[in-house]
Every structure is written in structure tokens, then in C-alpha cells.
Amino acid sequence: MAPGTFLFEAWQARASLLSGLGVTMLSSALSIVIATVCGLAMGVALAYGWWWLRLLARLYVDLMRGIPLLVLILFTYYGLALFGINVPAFWAGVIALGAFATAHVAENFRGAVQSVPAGQMEAAKAIGLTFGKRLSYVILPQAVRRMLPPWVNTALEIVKGTTLLSIIGVVELLLSAQQAMARNYMIIDFYLLTAALYVAINFTLAQLGASLERRFSYLRY
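All figures in this text were calculated on a predicted structure; none of them were measured in a lab. (Residues numbered from 1 in each chain as written. Predicted model: local features only at pLDDT ≥ 70, side-chain atom pairs only at ≥ 80, totals over all residues. Heavy atoms only, no water.)

Caption draft 1: Representation of helix 5 (residues 89-114) within the structure. Taking 1.5 Å per residue as the helical rise, helix 5 with its 26 residues ought to reach 38 Å, and the 38 Å between its terminal C-alpha atoms agrees with that figure. Buried residues dominate helix 5, accounting for 19 of its 26 residues. (Helix = DSSP H or I, 4+ residues; strand = E, 2+ residues; numbered from the N terminus. Expected span 1.5 Å × (residues − 1). Buried < 20%, exposed > 50% of the residue type's maximum accessible area, 1.4 Å probe, protein only.)

Quick look at the structure:
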């Protein structure tokens, strides 16, 4: 590899690029887990909770879906500091991404659950199943396949949303590539490399979602 070529510069920047890629993947994974767990719980509250619980969940979902992600990231990092809550930049980004995506997962899960015919819940209740068992054994298995496509879409948006974490100083993939560009001025080459890495991550997530859809395809009725 001759000095001054793209391969040479990419090799020179490999450590920072791999570090940025790791930050992107870790922040995405943590945010997806948070959004999935909290979103499922909030989706149940939206569909089956007491009126006051449904009201609180609805207020949260509408609020989070109405706030731009960038504003939420800035508030989590800078706004909480005004109240004496100092959150490291990485975790502020993860919390903001997770909180934002939770609202979308909750709404998707609510729609999936309520699309299951009411007779399914009534039949499960008639044979004496508790609410938890009705949800776990009857409703949830049928709702999973319906919510998988929008869940995958939310996961992909989270990955792309990690690019905004550079605003609060998190050196993720895009920022690490920009730092490399500032040294070698190979703007197009490094942007294409960065885009290819994002496509690879999102393609893997999309294939995972397709695999899960095939796994639950037998639940059609």
C-alpha cells in the first residue's frame, strides 16, 4: 500500500474507525434492548392498562414521538445537568435513543396486540387462564409476527440515529471517519466506506428480522 492511497489511509485510521464502529454497535444494541423491553411493557399498558395508566402511557408516547431526536439527545445531556444530574455523553445518547424508540415500539406493539381477534382473549379467559398466561400463551405469540416488520424498522432508525451522538461528543463511526478525513482530505472515499459499514449493520438487522418472521410464520390464521 503506497502512502497517500485510500487503502493506506484507511489502514492508518483502522484503530479509530474500529473504535467508532464498536461505539455505534454498542450504543445501538443497548438502545434496542431498552426500547424493546420498555416498549413491550408500555404497549401492554396502552392495550390493557387501567385508564390512568393508559393515559400516562399515551402522553409519553405522543410526547416522545413529537420531539425531534436531536432535541431529546441535547436535553438528556445538557438539560439534565441543569438539575444536577450529570450523565456521561455515551449513556446520555443511549438513554435518549432508547426513550425515543420506546414510544415507537410501544405503539407498534399496541397495534399488533389489538389486531388479534378479541375472541382469542375471550376463549383463553373461558378456559381459566390468568391474564398473564392469556397474554403470554395466546396473544403475544400471535402479535409477535405482526410487530416484527415495524420493530426492525425502528431498530434500523436507531442505528442511523447514533450518528447524532457526535453532537454531544460521542466518537461513533461517523465522527471517527470525519476525524480521519480531517487528516487525509479523502472525503468521498471515507464517506463511502462509512456508508458501506452502516449498510452492513442494517442489512444484518434486516436479515435477522426476516429470519424471525419465518420462524413465526406458522402462526398465521
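We are not done yet, so read on.
Caption draft 2: Structural detail: unusual backbone geometry. Of note, the phi angle at Tyr185 is positive, near 65 degrees, even though the residue is not glycine. Relative to the helices and strands, Tyr185 is located in the loop between helix 8 (173-184) and helix 9 (187-215). Classification of Tyr185 by relative accessible area gives exposed; the value is 67%.

Caption draft 3: Here's a closer look at the nonpolar core. The biggest cluster of nonpolar side chains holds 30 residues, and the ones touching the most others in it are Ile32, Val113, Ile139, Met147, Trp151 and Leu205. For this core, the secondary-structure elements that each account for two or more residues are helix 2 (14-48), helix 5, helix 6 (118-126), helix 7 (131-161), helix 8 and helix 9. With 13 residues, the top contributor of residues to this core is helix 7. Beyond its immediate stretch of four places on either side in the chain, Leu205 contacts Ile32, Val152, Ala155, Leu156 and Val159. (Core = buried A, V, L, I, M, F, W, Y, C linked by side-chain atoms within 4.5 Å. Contact = heavy atoms within 4.5 Å.)

Caption draft 4: Quick look at the confidence of the model for the protein. Chain-level statistics for the protein give a pLDDT mean of 89 and a share of 97% at 70 or above. Taken element by element, the predicted model of the protein shows its lowest mean pLDDT in helix 6 (78) and its highest in helix 3 (residues 51-66) (94). (pLDDT = per-residue confidence, 0-100.)

Caption draft 5: How the structure looks around the packing of aromatic side chains. Counted by the stated rule, this structure contains four aromatic pairs. For the ring pair Phe6 and Phe190, a centre distance of 5.4 Å and an interplane angle of 75 degrees mean the geometry is edge-to-face. Of the two residues, Phe6 sits in helix 1 (residues 6-12) while Phe190 sits in helix 9, which places them 184 residues apart along the sequence. Judged by relative accessible area, Phe190 falls into the buried class, the value being 0%. Seen in terms of ring centroids, Tyr77 and Tyr78 are 4.8 Å apart; in terms of plane orientation they differ by 70 degrees. Their pairing is edge-to-face. (Phe/Tyr/Trp six-rings, centres within 6.5 Å; stacked < 30°, edge-to-face > 60°.)

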